[in-house]
Amino acid sequence: MEKVLWIVSTVKMLGAKADDGLETVNDYLEKGWTVKHISACAMGTSPVGQAYIVIEKQD
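Note that the structure is predicted; figures quoted are calculated from it, not measured.

1. Section: the side chain of glutamine 50
Part 1: The residue glutamine 50 is located in strand S3 (residues 48–56) in this model.
Part 2: There is a polar contact of 3.1 Å between the side chain of glutamine 50 and the side chain of tryptophan 6.
Part 3: With sequence-adjacent residues up to four places away left out, glutamine 50 is seen in contact with Trp6, Ile7, Val8, Ser39, Ala40, Cys41 and Met43.

2. Here we look at the environment of leucine 29
Part 1: Counting through the fold element by element, leucine 29 comes out in helix H1 (residues 22–30).
Part 2: Along the sequence, leucine 29 and lysine 57 sit 28 residues apart, while their C-alpha atoms lie 9.5 Å from each other.
Part 3: When neighbours within four sequence positions are excluded, leucine 29 is seen to be in contact with Thr34 and Val35.

3. Observations concerning the packing of aromatic side chains
Part 1: Applying the stated rule across the entire model yields two aromatic pairs.
Part 2: An angle of 25° between the planes, with centres 6.4 Å apart, marks the rings of tryptophan 6 and tyrosine 52 as stacked. Placement of tryptophan 6 in strand S1 (residues 2–10) and of tyrosine 52 in strand S3 is noted, with a sequence separation of 46 residues between them.
Part 3: Note on tyrosine 28 and tryptophan 33: the rings are 5.2 Å apart at their centroids and 75° apart in plane angle, and the pair reads as edge-to-face.

4. Points about the nonpolar core
Part 1: Membership of the largest hydrophobic core is limited to seven residues, which are Leu5, Ile7, Val25, Trp33, Ala51, Ile53 and Ile55.
Part 2: Elements with a contribution of two residues or more to this core: S1 and S3.
Part 3: If we skip the residues at most four places from it in the chain, valine 25 touches Leu5, Ile7 and Ile53.

Thresholds applied
Residues numbered from 1 in each chain as written. Predicted model: local features only at pLDDT ≥ 70, side-chain atom pairs only at ≥ 80, totals over all residues. Heavy atoms only, no water. Helix = DSSP H or I, 4+ residues; strand = E, 2+ residues; numbered from the N terminus. Polar contact = N/O pair within 3.5 Å; in protein donor to acceptor, adjacent residues only side chain to side chain. Contact = heavy atoms within 4.5 Å. Phe/Tyr/Trp six-rings, centres within 6.5 Å; stacked < 30°, edge-to-face > 60°. Core = buried A, V, L, I, M, F, W, Y, C linked by side-chain atoms within 4.5 Å. Buried < 20%, exposed > 50% of the residue type's maximum accessible area, 1.4 Å probe, protein only.

Okay, structure coming up:
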């Protein structure tokens, strides 16, 4: 089984929200999921980035 997670990360000085999605990724990893692929890039000129993380779990 595969899942695709979208993560948006910002710098704290920009008023970043506390939940950027990384906690969700960590929860899946703790439950035995593994990372299959990560694709990341910057968003605009501010210090903001996004990533698509493909995770998988063997049945």
